[in-house]
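Examining the three-dimensional arrangement
What follows is each chain in one-letter form.
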Amino acid sequence: TDTADGVHHDQSSVSDSQSISSGINAEYGVMVAVIVSYNPPIRPVTFRMPPAPKLTGALTENTRLRSTQQILKSRIVGPESIAIGPDGALYTGLADGKIVSVRGKVITEIGYTGHAHCSSEETCGRPLGIRIHNSSLYVINAYKGILKMSLNGDSQQVLVNMKDESIRLNNRQTRFLNDLDISTAGVIYFTDSSSRHTREYNIYEFLEAGPHGTLFSYNMLTHEIKVLISGLHFPNGVQLAPDEAYVLVAECTRARIVRFWLKGELAGTWDYFAVNLPGYPDNIRPRESGGYWLGMAAIRRHPFSLIDSLAPYPQVRATLTKILPYFMLRSMASQYGMVVVLDEFGNIMDSLQDPGGLVISSGSEVAEHDGVLYIGSYHSSFIGKLRMKDEF
């Protein structure tokens, strides 16, 4: 068609463009309607975090973690926690449910938390916190409970069954057992990170940030289970004081450490041991020279931290879980390795870092033995090995 301005317009092309535009708008409208109507997998709470600490003083940016050697690379996946035997052997649990010992380059399977031909993390089991006590191995399985094993794997028994009716709080079942420590009297202190989400969907618990966690105790002599603290926010790492006067619990989504008193005038009460940490804490382990090693699952960047900035906006976090696939949510964590040294009062005394995560992108735990730091991670395909003489 020729118009008055002499320009030819193809009506069929205009009509086709309008149809395509209408189709796109319709599809977009359907997509928006689906997103709006779809219930998110989380029920996020509103909270606020203090500004993340600046990387100055003991936190001054450094590259000391880059001296870490990646041992057993590509031969293991997910050595979250590491216990060191009397002969120097390393014991750890892996992403496929295996519990192994490591001597040099030799990996020996000594236990398995799931079925022989499992197809999911829940059926395979997921060993997390691991300790050696009185020549036996104690392992937290996120889905199954607490296991006791001989160091060579000849015997294995369930001490705490995840499905036990006694491990309930307000009719909420534990779903995500995480870490443990054991007193000289045979009392196990352990955490349940969430009554809402399993370990496989831990990012949902992280984004939801609700008070769904619990610190328990289990007496191996009386078999009594007690709730010590409820309403914790993603509690994970557990560590007794050297004199067992208190037990520390990392509260991941609040970037702080809670202290529950076991002895003295404050026994049965709790307070904060460390607050406003530079990252989201994971496991806590003792230093041979005093104080504690604290692994960071991810750091909080100053002056802007994505998760911190979304804390006051629960609907934004809910929407993210509706529109982004789970693997993308996991990738939001910063690639920045950090291990922090705390003194006996909770003060930050030192830090080892890897900006950009070139060697260590995150550290779930540090186990110290004879001048060597062994660094675990819930997702890495190696164990980190750092000789302290190189960095201290």
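All of these numbers come straight from a predicted model, not from anything done at the bench.

Further remarks concern the sheet that holds strand S20 (residues 279–286). Taken in spatial order, the four strands line up as S20-S21-S22-S23 in an open sheet, and their pairing is antiparallel. Strands at the two margins of the open sheet, each flanked by one partner only, are S20 and strand S23 (348–355). In this sheet, adjacent strand axes meet at a mean angle of 20 degrees when their direction is disregarded. Bridging between S20 and strand S21 (residues 292–299) involves six bridges; their strand directions are antiparallel. For Gly279, the partnering residue across the bridge sits in S21 and is Ile299.

All right, on to the packing of aromatic side chains then. Applying the stated rule across the entire model yields 11 aromatic pairs. Centre to centre, the rings of Tyr204 and Tyr326 are 5.0 Å apart; their planes meet at 75 degrees, and the pair counts as edge-to-face. Of the two residues, Tyr204 is situated in helix H3 (residues 202–208) and Tyr326 in helix H6 (residues 326–330); the sequence distance between them amounts to 122 residues. An identical accessibility class is assigned to Tyr204 and Tyr326; each is buried. Pairing Phe206 with Phe234 gives two aromatic rings, centres 6.4 Å apart and planes at 75 degrees, and the pair type is edge-to-face. Linking Phe206 in helix H3 with Phe234 in the loop between strand S15 (225–232) and strand S16 (235–240), this pair joins segments that are 28 residues apart in sequence.

All right, on to unusual backbone geometry then. With phi around 65 degrees, His223 is a residue other than glycine that occupies positive phi space. On the secondary structure map, His223 appears in the loop between strand S14 (213–219) and S15. The backbone of Asp370 shows a phi angle near 50 degrees, a positive value even though the residue is not glycine. Here Asp370 shows up in the loop between strand S24 (365–369) and strand S25 (372–376). The exposure class of Asp370 is exposed, given its relative accessible area of 62%.

With that settled, the discussion passes to the sheet that holds strand S7 (residues 136–141). Here we have four strands laid out as an open sheet, ordered S6-S7-S8-S9, and antiparallel in their pairing. Across the chains shown, the open sheet's two edge strands, defined by having one partner strand only, are strand S6 (127–133) and strand S9 (156–161). In this sheet, neighbouring strand axes are inclined to one another by 20 degrees on average, regardless of whether the strands run parallel or antiparallel. Examined bridge by bridge, strand S8 (residues 145–150) and S9 share five bridges and lie antiparallel to one another. For Lys148, the partnering residue across the bridge sits in S9 and is Gln157.

Among the structural elements, Lys322 can be located in helix H5 (residues 314–323). Lys322 sits in the partly exposed class, given a relative accessible area of 21%. Sequence spacing of Lys322 and Pro41 is 281 residues, and the spatial spacing of their C-alpha atoms is 7.6 Å.

Let's shift gears to the state of the cysteines. With the rule as written, the count across this model stands at one disulfide. The disulfide partner of Cys118 is Cys124, and the gap between their sulfur atoms is 1.9 Å. Across the S-S bond linking Cys118 and Cys124, the dihedral sits near 95 degrees, which makes this disulfide right-handed. According to the relative accessible area criterion, Cys124 is buried, its value standing at 9%.

Put simply, side chains in a regular strand alternate between the two faces of the sheet. Most of strand S22 (residues 336–342) is tucked away, with seven of its seven residues classed as buried. The alternating pattern of S22 places Tyr336, Met338, Val340 and Leu342 on one face and Gly337, Val339 and Val341 on the opposite face, and all of these are buried. Note: S21 against S22, four bridges, orientation antiparallel. In the strand pairing of S22, Trp293 is matched with Val341.

Cut-off values and rules
Residues numbered from 1 in each chain as written. Predicted model: local features only at pLDDT ≥ 70, side-chain atom pairs only at ≥ 80, totals over all residues. Heavy atoms only, no water. Pairing = 2+ DSSP bridges. Helix = DSSP H or I, 4+ residues; strand = E, 2+ residues; numbered from the N terminus. Axes fitted to C-alpha atoms, helices over the stretch in contact; angles between N-to-C directions. Phe/Tyr/Trp six-rings, centres within 6.5 Å; stacked < 30°, edge-to-face > 60°. Buried < 20%, exposed > 50% of the residue type's maximum accessible area, 1.4 Å probe, protein only. Disulfide = S-S within 2.5 Å.

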